[in-house]
Amino acid sequence: MSDEIILDVRNLRRSFGDVHAVQDVSFSIRKGQVVGFIGANGAGKTTTLRLLATLDTPDAGTINIMGCEATHYPDKVRARLGWMPDSYGNYDNVTVVEYLDFYARAYGYMGSRRTKHVNDIMEFTELTPIQDRLMHTLSKGMGQRLCLGRSLINEPELLLMDEPAAGLDPKARIEFKNLVRILSEQGKTILISSHILSELGEMCDTMLFIDKGRIVHHGDSETLRRGDESIIRLEIETTGNPDALVEWAALQPGLVLVDRTKRGARFDFTAKGPDELSLLLRRAITDGIAVSDFHRQERRLEDAFVEVLRKSNGSTSQGKP
Amino acid sequence: MSALAFLFPAGKSVDDWLSPILVKELRQGMRARVFVISYLLLQVFLSVLVLANAAAQGDSRALEDESHYFWVIVGFALLVLMPLRGLVSVSQEVKNRTMETIMLTRLTAWRVVFGKWSALFAQSLLLV
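Keep in mind that what you see is a predicted model, and the values were worked out from it rather than measured. Along each chain, numbering runs from 1 in the same order as the chain's sequence is written. The order in which chains are written sets their letters, starting at A; the order in which ligands are written sets their numbers, starting at 1. Restriction of local features to residues with pLDDT of at least 70 applies here, the model being predicted, together with a cutoff of 80 or more for giving and counting side-chain atom pairs; totals for whole chains, interfaces and linings are based on all residues. Side-chain figures throughout are based on the complete set of non-hydrogen atoms in the structure, without hydrogens or water.

What to know about the interface of chain A and chain B
No. 1: Here, two residues are considered to be in contact whenever any of their heavy atoms come within 4.5 Å of each other. Contact residues are listed per partner, giving 30 residues for chain A and 25 residues for chain B.
No. 2: Accessible area that two parts lose when put together, evaluated with a 1.4 Å probe and summed over both, is termed the buried area. Buried area between chain A and chain B, both sides added, is near 2,600 Å², and the carbon and sulfur share of it is 54%.
No. 3: In terms of surface lost to chain B, no three residues of chain A exceed A:Tyr91, A:Phe102 and A:Arg105, which account for 23% of the buried area on that side.
No. 4: One side-chain nitrogen of Lys or Arg within 4 Å of one carboxyl oxygen of Asp or Glu is enough to make a salt bridge. Counting the contacts that link chain A with chain B gives five salt bridges.
No. 5: One salt bridge in this structure joins A:Glu98 and B:Arg31, with 2.6 Å as the shortest N-O distance.

Some points on the confidence of the model for chain A
No. 1: The predictor reports its confidence for every residue as pLDDT, a score running from 0 up to 100. Residues at a pLDDT of 70 or more form 96% of chain A, whose mean pLDDT is 87.
No. 2: Contacts from residues 317-321 of chain A, a stretch scored under 50 in pLDDT, to residues over four places away or in other chains number zero contacts.

Topic: the state of the cysteines
Residues and elements named next belong to chain A.
No. 1: Any pair of cysteine sulfurs within 2.5 Å is marked as a disulfide. Across all of its chains, the model carries zero disulfides over all chains by this definition.
No. 2: Free cysteine: Cys204, not disulfide-bonded; nearest cysteine sulfur from Cys147 at 18 Å.
No. 3: When its relative accessible area of 6% is taken as the criterion, Cys204 is described as buried. The buried label goes to any residue with under 20% of its type's maximum accessible area, the exposed label to any with over 50%, and the partly exposed label to all in between, with areas taken from a 1.4 Å probe on protein chains only.

Here we look at the nonpolar core
Residue and element names in this part refer to chain A.
No. 1: Nonpolar core, defined: a set of buried Ala, Val, Leu, Ile, Met, Phe, Trp, Tyr and Cys residues in which side-chain atoms within 4.5 Å join the residues together. By size, the foremost hydrophobic cluster in this structure holds 87 residues, and its most contacted members are Leu7 and Leu191.
No. 2: In terms of residue count, the dominant contributor to this core is helix H3 (residues 96-106) (seven residues).
No. 3: Leaving out residues up to four positions away in the same chain, Leu191 has contacts with Leu7, Phe27, Ile29, Val35, Phe37, Leu49, Leu52, Leu159, Leu160, Met161 and Leu208. Helix and strand assignments follow DSSP, with helices taken as H or I runs no shorter than four residues and strands as E runs no shorter than two, numbered in order from the N terminus.

Considerations on the domain arrangement of chain A
No. 1: Assigned domains of chain A: these are domain 1 (5-222) and domain 2 (228-297).
No. 2: These domain boundaries are the output of an automatic or database domain assignment. Domain 1 of chain A and domain 2 of chain A are separated by 44 Å when their C-alpha centres are compared.

Some points on the side chain of B:Glu93
No. 1: Relative to the helices and strands, B:Glu93 is located in helix H4 (residues 60-95).
No. 2: The exposure class assigned to B:Glu93 is buried, which follows from its relative accessible area of 2%.
No. 3: When near neighbours in sequence (up to four residues on either side) are disregarded, B:Glu93 contacts A:Tyr91, B:Lys24, B:Glu25, B:Thr98, B:Met99, B:Ile102 and B:Lys116.

Let's talk about the confidence of the model for chain B
Residues and elements named next belong to chain B.
No. 1: The predicted model of chain B has a mean per-residue pLDDT of 80, with 87% of residues at 70 or higher.
No. 2: Model confidence for chain B, summarised as mean pLDDT per element, is weakest for helix H1 (residues 3-7) at 57 and strongest for helix H5 (residues 98-103) at 91.
No. 3: Interface predicted TM-score (ipTM) for the complex: 0.78; the corresponding pTM is 0.79.

Examining the pattern of salt bridges
No. 1: Overall, the coordinates contain 27 salt bridges over all chains when judged by the stated rule.
No. 2: A:Asp243 is the salt-bridge partner of A:Arg260, the closest N and O atoms lying 2.3 Å from each other. With A:Arg260 in strand E12 (residues 255-260) and A:Asp243 in helix H9 (residues 242-250), the pair connects residues that are 17 residues apart, well separated along the chain.
No. 3: You can call A:Arg260 partly exposed: its relative accessible area is 45%.
No. 4: For the salt bridge of B:Lys116 with B:Glu25, the shortest nitrogen-to-oxygen distance reads 2.5 Å. With B:Lys116 in helix H6 (residues 109-127) and B:Glu25 in helix H2 (residues 20-29), this pair connects stretches of sequence that are 91 residues apart.

Description of unusual backbone geometry
All names here are of chain A.
No. 1: The backbone of Thr54 shows a phi angle near 65°, a positive value even though the residue is not glycine.
No. 2: When you line up the elements, Thr54 lands in the loop between helix H1 (45-52) and strand E4 (60-65).
No. 3: The phi torsion at Lys212 lies on the positive side, around 50°, for a residue other than glycine.
No. 4: For Lys212, the location among the structural elements is in the loop between strand E9 (206-211) and strand E10 (214-220).

Side note on H3(A)
No. 1: Counting buried residues in H3(A) gives 10 out of 11 residues, a clear majority hidden from the surface.
No. 2: Residues A:Val96, A:Glu98, A:Tyr99, A:Leu100, A:Asp101, A:Phe102, A:Tyr103, A:Ala104, A:Arg105 and A:Ala106 constitute the buried set of H3(A).
No. 3: At its buried positions, H3(A) is contacted by helix H4 (111-124) and helix H5 (140-151) of chain A together with H2 and H5 of chain B.

The structure is reproduced here in structure tokens:
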């Protein structure tokens, strides 16, 4: 991954009437990074991505893409970026190969170079066997692959993907993840939005969280997963009564109930030293809890996201009168 | 350099000179049900007209009526059907959000509109 900044966004704002969709958004992305853009529905992901794709104009702020100011020189920027919207536009009576051929022509590819380029794209997205199928007969997964192929037709350096895996079945999701991984290995910079964190966790180098139009976190997913290292998420199961486990846990210092499971419960444990965990297990057994499973849980990205939002909302409300 | 080599340099083909929108619209339009039905109906009507003409054998009034019907149908296709298809085509692009992806390409608004118009014009010529 290079240190070259490929996308630099500063103080971006966009409102629709009284709705402040994007408020003072600033971030930058280095060349070759795969960045997950995460937020709940209505958080401002699509608006931000549309601004970056030069499909909308910001009220204020700057978008610098590969050294070019996007709002002033949209044509220059458009030639170097790929845009994959959340729903791909369907054409009646157009086959897969004709669709890609049209966009290749529209980007200025000519003759045999165009044919080769379209064939390469179909090969990469595994669309060759269905190249003569009409677009409206494609499944959602095939359609998304076609949409990805279309967004790659101008050989972009920066790819903007808005909820690309939404509505895909598990198999299509895995195929899609693989394609993103290959693109990342080829050195493409990818900004990919979603509200499903698990699908981004494995793909992305860094995460960008947006809430109510503001960036609330920007960092790598590992740091996010680790979170506060002094707090350990524990899952304890018992062969006995889970109520007894919960009652016992309430009396233990540093152990806080998170939620109950079928055979036990999950806790957050504040460890003061490395031996604390083994001491806790020994205490449980000594106190008569029939422990059948006792393990440390890796923090899920969803939990990290909720925590970031909670902290962010806390700091926002503290500033209010 | 010959004129042909100048017009079609290595690696380029004849259709490279056509607007991408024109190529797409022609491929799309000529498979469209409305075009196929209009085309078939016109062929049937013209066949009937030719037969009626042969049967009339010099009845000038009948020939005038047939000519009148012919131009009414051609006029309907050219003045109503084709412009409506043009409008529907543009509104479909906006509705399906394909206009946005077209905007990101090198095509200008003028080339998009002209490409659509020329595709419809070419289809109208085929009908007439």
